[in-house]
Amino acid sequence: MRYLLIILLLSTSMVNASGVGAELVVIVNPESGVEQLDRTDVINIYMGRFQKLPSGISAFPVDVAGDKSVFYQQLVKKTLPEIQSYWARLIFSGRASPPRQAQDSEEVLDIISNNKGAVGYLDRSLVDERVRVVLSFPQ
Amino acid sequence: MGRSSCAWGALAQRALLLLFAGVASDGLASGGEADAAVRLGVFGTLGGVYNDSDRVEFVRDLSQPSGPKGGWSSEPDTSLGIQVNLRHSQQLEAALQLLSRYDYTSNYDPRITWAFAKYSPDPHWQLRVGRIGYDAFILSDSANVGYAFLPVRQPIEYFGTLALAHLDGGDAEYRSPVGAGVFSVKLFAGRADEELDVGNNEQYDLKDSRVVGFNLNYHLGAWYFRLGGSEIELSQELDSFEGLLAGLRASGSAAAASVADDIALDGSRVVNWNAAVVFDRGALQAQLLYNKRQTDTLAFADGAAIYGLLGYRMGAFTPYMAVVDGDAEFARRDTGLPSSHPLSVAAERVFREALFEQRTVMVGVRYDFMPKADLKIQLERLEANSSSTSFMRSADPDWGGEATIVSVALDFIF
């Protein structure tokens, strides 16, 4: 049992060291009135199905360039081309607008801290007091 | 016909420009609100289609007058669309879309496919007014965006009989979480402004046909369920029917006069009911679509179609296979005149051409070789009821009802 634990700890630390295990968390504005979101809420917001926070505010999602592909893999097990193909249908049928695109962590923190309804994602280590973590993906 | 749609186009263009100008100056006046944005989108396909049969022409949908026959053609699938979205706020948005493809105009003249203003007072409601997509079937309002789906094109046997792209009118949608999923209902109404090619170099004008419909949708995790219904009330007669209808009515036979009423397109209704189940999780995509058509003209037979698609992604490649089967109910009436009478012969021909019966089996692969572009190769084997050539063009009388189609397509968006 002890060996198993050690192996587990070793393997997770190795994964972290290689950067693959970076832990993405979903973040919102602290004044959004939202303490936590479940995976279904986040899917509804990011896939354009229903964009409203449980507190009643209209939600708008923000994508972050470097973390996008890991985020969608964790959220819906889809690759970026699949997500783009999905959005092409919604955009070019005039039904919905795609998530706003942020270039880096600083930009997403900035957008979220300035918009009550904004939802984004980030590596946990980059989160600061301007935003609130509402969902983390189990490793 | 071309002139009136141009006039409408010019009017819509002017209205949209005004709206855009208004929205833009509004956005500036309010201090350039963070949400105000102009977004330009482009979608297109470069496609080549090979038809091995030299006795019949293959078309993508009923808006196309001709297609490849015993050779290659870029006409069926090649298209280019441009869309401008002007977003004033989370509540108000306008969109204009132009699409250039080979259709009833026999060229690539761009048409205005969308020109609407959208008002969304909250996340539950969405109201649109103007020229909107025809959302009667699942995927029918994005049928020309090849990048948005797996096969090269939406199969004609399922989507082809009501090949409307847009309506001039409006729609209202309400959505809300129900249980663990999201439910939505949409109602739409408007008038058509397009033409269908009916073969023999003739177009049927759908202009001013009244269209109403609804759809109910439920997204639950990887599942998507949809029910839809729509009705088109045709408001024009087919030119080549005029002589036949007049002849039948003047023949002195009561039966013949009633056949004329049964054939007439003007004033007749086409009702369509459809259901769809989609499962989409991880690498797997599966969909099963069914529709049923009821009409009150014998020139367009009642029918049903079923379409099943299965795809599985492996890395950048997604192989897929699909089966689609369109069936019609043969209906005919006796004119009360001798069967060799020219009016009886002509009526019989109308009944026969009303049959839309064809099934296709296809396999293909989509290769996402770079961001926002894909390459598809697709092989299809189609079998039509040999007396039913309605989905094809210029069939030789000795065409056996079979053809093999090879398609290559490069889809892109940006």
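About the thresholds
Residues numbered from 1 in each chain as written. Chains lettered and ligands numbered in written order. Predicted model: local features only at pLDDT ≥ 70, side-chain atom pairs only at ≥ 80, totals over all residues. Heavy atoms only, no water. Core = buried A, V, L, I, M, F, W, Y, C linked by side-chain atoms within 4.5 Å. Buried < 20%, exposed > 50% of the residue type's maximum accessible area, 1.4 Å probe, protein only. Helix = DSSP H or I, 4+ residues; strand = E, 2+ residues; numbered from the N terminus. Contact = heavy atoms within 4.5 Å. Polar contact = N/O pair within 3.5 Å; in protein donor to acceptor, adjacent residues only side chain to side chain. pLDDT = per-residue confidence, 0-100. Buried area = accessible area lost by both parts, 1.4 Å probe. Salt bridge = Lys/Arg side-chain N within 4 Å of Asp/Glu carboxyl O. Nonpolar A, V, L, I, M, F, W, Y, C, P; charged D, E, K, R; others polar. Pairing = 2+ DSSP bridges.

Enquirer: Sorry, what's going on with the nonpolar core here?
Expert: With 49 residues, the main nonpolar core has V26, V42, Y46, F71, Y72, L75 and V119 of chain A as its most contacted residues. Among the elements of the structure, β1 (24-28), α2 (39-46), β2 (60-64), α3 (68-76), α4 (80-92), α5 (105-114), β4 (118-123) and β5 (132-136) of chain A are those that each provide at least two residues to this core. If one sorts the elements of this core by residue count, α4 of chain A sits on top with 7 residues. Leave out the neighbours within four places in its chain, and F71 of chain A touches L24, V26, V42, Y46, Y121 and F137 of chain A. Listed in part, the 42 residues of the second largest apolar core include L164, A256, I263 and L337 of chain B.

Enquirer: Help me out: how do you make sense of the side chain of T297 of chain B in this one?
Expert: Residue and element names in this part refer to chain B. Structurally, T297 is set in the loop between β14 (284-295) and β15 (303-312). With relative accessibility at 2%, the residue T297 sits in the buried group. Side-chain polar atoms of T297 contact the backbone oxygen of A264, separated by 3.5 Å. With residues near it in sequence (within four places) discarded, T297 still touches D262, I263, A264, L265 and S268.

Enquirer: Quick question: what am I supposed to make of the confidence of the model for chain A here?
Expert: Atomic detail in the predicted coordinates should be set aside for any region of low pLDDT. For chain A, the mean per-residue pLDDT works out to 86, and 84% of the residues sit at or above 70. Low pLDDT, under 50, characterises residues 4-19 of chain A; the predicted model gives this stretch 4 contacts beyond four residues in sequence or across chains.

Enquirer: Teacher, can you tell me more about the interface of chain B and chain A here?
Expert: Often the size quoted for an interface is simply the accessible area lost on bringing the parts together. Residue-level contacts link 44 residues of chain B with 29 residues of chain A. For the pair chain B and chain A, the summed buried surface comes to about 2900 Å²; carbon and sulfur atoms form 49% of the total. Connecting chain B to chain A are 3 salt bridges. As a salt-bridge pair, K78 of chain A and D280 of chain B come within 2.3 Å of each other at their nearest N and O atoms. On inspection of chain B and its partner chain A, the count reaches 20 residue pairs in polar contact (both at pLDDT 80 or more). With 4 residues, the top contributor of residues to the side of chain B that touches chain A is strand β1 (residues 37-51) of chain B. A per-class count over the side of chain B that touches chain A returns 17 nonpolar, 12 polar and 15 charged.

Enquirer: Looking at this model, I keep getting lost on the pairing of strand β18 (residues 373-384) of chain B. Mind explaining?
Expert: When a strand is regular, its side chains alternate between the sheet's two faces. All names here are of chain B. Where strand β17 (residues 358-370) lies against β18, 11 bridges are found, and the strand directions are antiparallel. In the strand pairing of β18, V365 is matched with I377. Counting the residues between successive antiparallel strands, the hairpin from β17 to β18 contains 2 residues, one of them, K372, with a positive phi of roughly 70°. When β18 meets strand β19 (residues 402-413), the two strands line up antiparallel, connected through 11 bridges. The residue bridging L382 from the neighbouring strand is A403, located in β19.

Enquirer: Even after reading the chapter, I still don't get the environment of A165 of chain B, so can you show me in this structure?
Expert: Residue and element names in this part refer to chain B. Tracing the backbone through its elements, the reader meets A165 in the loop between α2 (156-159) and β7 (166-178). Taking the C-alpha atoms as reference, A165 lies 8.0 Å from E194; in sequence the two are 29 residues apart. Among all residues touching A165, those that are not within four sequence positions of it are W114, I132, G133, Y134 and E194.

Enquirer: I tried to follow the pairing of strand β3 (residues 79-87) of chain B on my own but got confused; where do I start?
Expert: Residues and elements named next belong to chain B. Strand direction decides the pairing type here: β1 and β3, joined by 9 bridges, are antiparallel. Looking at β3, one finds that G44 is bridged to L80. Note that β3 and strand β4 (residues 92-101) share 9 bridges and pair antiparallel. From the neighbouring strand, S79 faces β4, where its bridge partner is R101. Counting the residues that bridge the hairpin from β3 to β4 gives 4 residues.

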